[in-house]
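One letter stands for each residue in the lines below.
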Amino acid sequence: MDSQNLTLVVDGLSKLYWTKSRTPGGGIQPISFTLEPGTFFTLLGPSGCGKTTTLRCLAGLEHPDVGRLSLGGTTFFDGEAGDHVPLNKRNIGMVFQSYAIWPHMTVFENVAFPLRVRKELKLSGEEIRQMVTQALTTVGLAGYESRSATQLSGGQQQRVALARAIVRKPGLLLLDEPLSNLDARLRDEMRNELKRLQKQIGITTIYVTHDQVEALEMSDVIAVINAGQVEQMGSPRDVYDRPANAFVANFMGATNFLSARLSADQPADSRGTVALDTGETLDVWFPHAVRRTDRIAVSMRPDVIRLAAAGSDNPEGGNRLTGTVVSSGFMGNIERYSVKVGDEIIQVHQAPDAHFDSGSRVDLLFRPERTLGLLENRAEVVGAAA
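Counting from 1, residues in each chain are numbered in the order their sequence is written. Predicted model: local features are reported for residues with pLDDT of at least 70 only, side-chain atom pairs are reported and counted for 80 or more only, and whole-chain, interface and lining totals are derived from all residues. Note that water and hydrogens are dropped before the side-chain values are worked out from all heavy atoms of the structure.

## Remarks on the sheet that holds strand β9 (residues 205-209)
Thought 1: By definition, two strands form a pair when at least two bridges between them are found by DSSP. Elements are defined by DSSP. Helices are runs of H or I of four residues or more, strands are runs of E of two residues or more, and each kind is numbered from the N terminus. The strand order across the open sheet built from six strands is β7-β8-β9-β3-β10-β11, with neighbouring strands paired in mixed fashion. Every interior strand has two partners, whereas the edge strands, β7 (92-95) and β11 (229-234), have only one. Here the average twist between neighbouring strands, direction ignored, is 15°.
Thought 2: With four bridges joining them, β7 and strand β8 (residues 172-176) adopt parallel strand pairing. What sits directly across from M94, in β8, is L174.
Thought 3: Contacts between helix α4 (residues 154-166) and the sheet are confined to β7 and β8, with β7 contributing the most and set at about 170° to the helix. Fitted lines through C-alpha atoms give the axes, limited to the stretch in contact for helices. The angle between two N-to-C directions lies from 0 to 180 degrees. Two residues qualify as a contact provided that any one of their heavy atoms is within 4.5 Å of a heavy atom in the partner residue.

Next comes the structure, spelled out in structure tokens:
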């Protein structure tokens, strides 16, 4: 099977879990997407949102309720036709959060395991040796064949798990939070390494994480999931710069929200004026269409706001709010401020070239094109990320 020429099609796939009182207790509502060969696709969302359920349905570890799933010309699941191909027939590679490395086996035997248990492959000892050697070379572990798994670092164990997942040249690679057990420095290194390896191998990859930095840096396409629903699907830049609503904006990184009202409908990709609950007006950019009756959240990321002494000129024009510095913290490359504007606390990140003491009256200056008007719906679960 040529993993570089297989398109993954997911059509209306759904799996819901039910409580004893017959109310939904988790899972994923109908999700559809098509991935071209070699795509790195990330399912991003808080714990319990349904991303791992989706991955398990793709792997064959869960039986979906409805929908259709196919890879290349092979149908893995069709709810209407009653088709369900089991996990061991899907030619899918998986890496779990725990790696599932067997401590009593050498590195070679860990990687060779999926080849030995597939008796129908009828591989000779020499064929197995060549395939394991190639997989270990690909992940940078050539020469580690005879080492015990207990002698490996966390990063090396992660590489062994990846080698075991790709040794059969699968048509699809599934990664379930594979970096979450590593320390911060090693996670940074492995993000780059995983992306490099995925491009080198050319295999379609689905990656589950709750870390937006991982998703932004590694993905070709991101699906942001919340409470079993896909809030938005698109490229990392599109999801970050043009979030569909307040949930997506907040989950993709730190941001400030101010409640506001509209006086007229706004089409997508348009500039308009909103009235804050405090009475001030702001010029904002609407990445998606909203109606006058919608609840609006004005989103401003901390790094798009510039602080200046109250009453300073604003040569660039744009929005201005005035407040009082509550606290500040020096973080090396930036200084982080909390500024009270009316009853709201607004976070500001800016270069430490100028410092404002607590109690200082300051203007917050920010451009309309970096001030987003978003739907406020479902924002009540924004803080659910784990």
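## Section: empty space enclosed by the protein
Where empty space is left becomes clear once a probe the size of a water molecule has been rolled over the atoms.
Thought 1: Both cavities and pockets are sets of points on a 1 Å grid over the protein atoms alone; in a cavity a 1.4 Å probe fits but cannot get out, in a pocket the set is open with protein on both sides within 12 Å along at least five of seven lines, and lining residues sit with an atom within 4 Å of a point. Grid points are joined across faces, edges and corners, and a volume is the space filled by probe spheres set on the points. For the structure on display, the rule yields one cavity of 30 Å³ or more.
Thought 2: As for the largest cavity, its lining consists of F40, L162, L173, L175, L194, L197, Q198, I201 and T205.
Thought 3: Mapped by element, the contributors of at least two residues to the lining of the largest cavity are β8 and α5 (184-201).
Thought 4: Taken together, the residues of the lining of the largest cavity break down into seven nonpolar, two polar and no charged. In this count, Pro and Cys sit with the nonpolar residues alongside Ala, Val, Leu, Ile, Met, Phe, Trp and Tyr, while Asp, Glu, Lys and Arg are called charged and the others, Gly among them, polar.

## Quick word on the packing of aromatic side chains
Thought 1: Any two of the Phe, Tyr and Trp rings considered here, Trp counted by its six-membered ring, make a pair once their centres fall within 6.5 Å; the pair's planes then place it as stacked at under 30 degrees, edge-to-face at over 60, or tilted in between. Overall, the coordinates contain five aromatic pairs when judged by the stated rule.
Thought 2: Relative to F251, the ring of F247 lies with its centre 5.7 Å away and its plane at 15°, an arrangement referred to as stacked. In this pair, F247 and F251 are both assigned in helix α8 (residues 246-251), four residues apart and thus about one turn of the helix distant. Like F247, the residue F251 is buried in the burial classification.
Thought 3: The ring of Y240 has R301 sitting right over it, with the charged end atom 4.2 Å from the ring centre. Whether a residue is buried, partly exposed or exposed follows from its accessible area with a 1.4 Å probe, protein chains only, as a fraction of its type maximum: under 20%, in between, or over 50%, in that order. Any Lys NZ or Arg CZ that is within 6 Å of a ring centre and within 35 degrees of that ring's normal is treated as a charge sitting over the ring.

## Some remarks on the nonpolar core
Thought 1: Counting 36 residues, the largest nonpolar core has V111, V132 and L162 as its most contacted members.
Thought 2: Every element with two or more residues in this core is listed here: α2 (107-117), α3 (125-138), α4, β8 and α5.
Thought 3: Ranked by residue count, the leading element in this core is α4, at six residues.
Thought 4: Apart from the residues within four sequence positions on either side, L162 is in contact with V95, V139, L173, L175, L194 and L197. Among the buried residues, those of types Ala, Val, Leu, Ile, Met, Phe, Trp, Tyr and Cys that are joined through side-chain atoms within 4.5 Å form a nonpolar core.

## Observations concerning the confidence of the model for the protein chain
Thought 1: For the protein chain, per-residue confidence averages 90 on the pLDDT scale, and 96% of positions sit at 70 or higher.
Thought 2: The pLDDT value expresses, per residue, how confident the predictor is, ranging between 0 and 100. Predicted confidence for residues 378-386 stays below pLDDT 50, and this span has 17 contacts to residues more than four positions away or in other chains.

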